[in-house]
Amino acid sequence: MAFSRIHKLDPPHRGFFRKAAVMLFSLLASLILLHLLTDRYAFPSPAEASPGPAAELSEDLNTLRTKRLVSEWTAGSELMGYGAARRTSRFLADERAMKILELPEESLMLPPPDLVVSRKVPPRFAGKLSPLGEGSKKLPQALIIGVKKGGTRALLEFLRVHPDIRAVGAEPHFFDRNYDNGLEWYRDLMPKTLEGQITMEKTPSYFVTREAPARISAMSRDTKLIVVVRDPVTRAISDYTQTLSKKPDIPSFESLTFKNRTTGLIDTSWSAIQIGIYAKHLDNWLQYFPMDQILFVSGERLISDPAGELGRVQDFLGLKRIITDKHFYFNQTKGFPCLKKAEGSSKPHCLGKTKGRTHPNIDPEVVQRLRDFYRPFNMKFYQMTGRFFGWDD
């Protein structure tokens, strides 16, 4: 009776098989996805890591990091395309791995060499991305320290075209006027830079400030120093012209040049004259910095051959020669070169109205007296720097 009752039951409905197939397929898909995620994010377990040497662990970590960066960098996400929870867990995993391998933190932020070679990451940006791509403020590694009216503003504006240079626009005057504010105050004035970029600032009065060399050396003995120099007679006249534009009632250039016009004794206490005694000021700097850490740029050649002088500066800073002739055009009205495209702009850019002022007519006899006065100092300066600037031709 029971047997016959079983045979009378209806066969299973077709819907039952469809549901079973869907569940089986979903299970298989979940297992495959779990396997892929585990392969992508998992670090070696302690059981796997402990027997092997540190070199093998480092290789495993590099392999994992390569996989992660290939996915993120080629997608252009730069760590911003994932959810906050995943990003946090990834940083925690990196932290655990660093403790095991004792690797520096920045090594985890650099793109693997094979990515740079394959050009999936543009070489210019390789190794420069911070975790959030924002950079950080650093004390300057290079300073334009002088001289006033030598061409420092032009040099700074030209250098800012280079993608690996970030510079303060205004003159901080930290090492001569604001030193008591402290290095943290100074650092806060700096622009943010990425890894591999150089932070710079320019304050021309540093070169003639007696305390500046010791103070800069105390910040960093590796600081690279750039000095733009110019014919000291022309520089003095330009200095006077600038002051005259602000104070039209000042005495004449001739009367300020001499302590006594009759005897012809030059007044070296006048700053316009004193700044041009380059050998004297350089001697003070050489007490704290070696000569190979100081680059002298010709203010005259910065006008006649800006690309040539910029090439020397880029070499000195250890940068690729990116700023070339194609970046400049000569402005006949102003009488000096201008940029075809300034930093962050697609328009031509010349220095402001305060640059390239017309000099007043100076008594030729006074000019000759000044040339005679500067000649021995210029010769000494040529010997010290190993470069002939041609101011006495």
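What comes next is a walk through the structure. Computed from a predicted structure; not experimentally measured.

1. Some words on helix α16 (residues 364-385)
Part 1 of the argument: Relative to the 32 Å expected for 22 residues at 1.5 Å per residue, α16 spans 29 Å between its end C-alpha atoms, a close match to the ideal helical length.
Part 2 of the argument: The largest bend in α16 amounts to roughly 40° and is located at Arg375, with the proline Pro376 lying one to four residues further along.
Part 3 of the argument: Sitting at the head of α16, Asp363 places a side-chain oxygen 2.9 Å from the backbone nitrogen of Glu365.

2. Examining the pairing of strand β9 (residues 294-298)
Part 1 of the argument: Burial of β9 is extensive: five of the five residues sit out of reach of the surface.
Part 2 of the argument: Side-chain alternation along β9 places Ile294, Phe296 and Ser298 on one buried face and Leu295 and Val297 on a second face that is also buried.
Part 3 of the argument: Bridge count for strand β6 (residues 224-229) against β9 is five bridges, and the pairing is parallel. For Val229, the partnering residue across the bridge sits in β9 and is Ser298.

3. Some points on the nonpolar core
Part 1 of the argument: Core analysis: the biggest nonpolar cluster contains 30 residues, and Ile145, Phe175, Ile216, Trp285 and Phe381 have the highest contact counts within it.
Part 2 of the argument: It is helix α13 (residues 278-285) that provides the largest number of residues to this core, a total of four residues.
Part 3 of the argument: Beyond its immediate sequence surroundings of up to four residues, Phe175 is in contact with Leu143, Tyr186, Tyr206, Thr209, Ala212, Arg215, Ile216 and Met219.
Part 4 of the argument: By size, the runner-up hydrophobic cluster in this structure holds 28 residues, among which are Leu310, Phe316, Phe336 and Leu351.

4. A few points about helix α9 (residues 212-219)
Part 1 of the argument: Turning to α9, its buried residues are Ala212, Pro213, Ile216, Ser217 and Met219. With its buried residues spanning 155° around the axis, α9 presents them on a single face.
Part 2 of the argument: Tucked into the core, α9 has its buried residues touching β2 (142-146), α8 (183-189), β6 and α13.

5. Here we look at the packing of helix α7 (residues 152-159) against helix α15 (residues 306-316)
In a packed pair of helices, the relevant descriptors are the angle between the two axes and the axis-to-axis distance.
Part 1 of the argument: For the pair α7 and α15, the least separation of the axes is 11 Å and the interaxial angle reads 75°. On the basis of the axis angle, α7 is roughly perpendicular to α15. Between α7 and α15, the residues in contact are Leu155, Phe158 and Leu159 and Pro306, Leu310 and Val313, respectively.
Part 2 of the argument: The class makeup of the residues in the contact of α7 with α15 is six nonpolar, no polar and no charged.

6. Considering the sheet that holds β6
Part 1 of the argument: With respect to topology, five strands assemble into an open sheet ordered β3-β5-β2-β6-β9, the strand pairing being parallel. The outermost strands of the open sheet, each flanked by one partner alone, are β3 (165-167) and β9. Neighbour-to-neighbour, the strand axes of the sheet open up by a mean angle of 25°, direction not taken into account.
Part 2 of the argument: Both β3 and strand β5 (residues 198-202) contribute to a ladder of three bridges, which runs parallel. For Arg166, the partnering residue across the bridge sits in β5 and is Thr199.

Cut-offs and rules
Residues numbered from 1 in each chain as written. Predicted model: local features only at pLDDT ≥ 70, side-chain atom pairs only at ≥ 80, totals over all residues. Heavy atoms only, no water. Helix = DSSP H or I, 4+ residues; strand = E, 2+ residues; numbered from the N terminus. Expected span 1.5 Å × (residues − 1). Bend = angle between axes of the 7 residues up to and from the residue. Polar contact = N/O pair within 3.5 Å; in protein donor to acceptor, adjacent residues only side chain to side chain. Buried < 20%, exposed > 50% of the residue type's maximum accessible area, 1.4 Å probe, protein only. Pairing = 2+ DSSP bridges. Core = buried A, V, L, I, M, F, W, Y, C linked by side-chain atoms within 4.5 Å. Contact = heavy atoms within 4.5 Å. Arc of directions from axis to C-beta. Axes fitted to C-alpha atoms, helices over the stretch in contact; angles between N-to-C directions. Parallel < 35°, antiparallel > 145°, perpendicular 65-115°, else oblique. Nonpolar A, V, L, I, M, F, W, Y, C, P; charged D, E, K, R; others polar.

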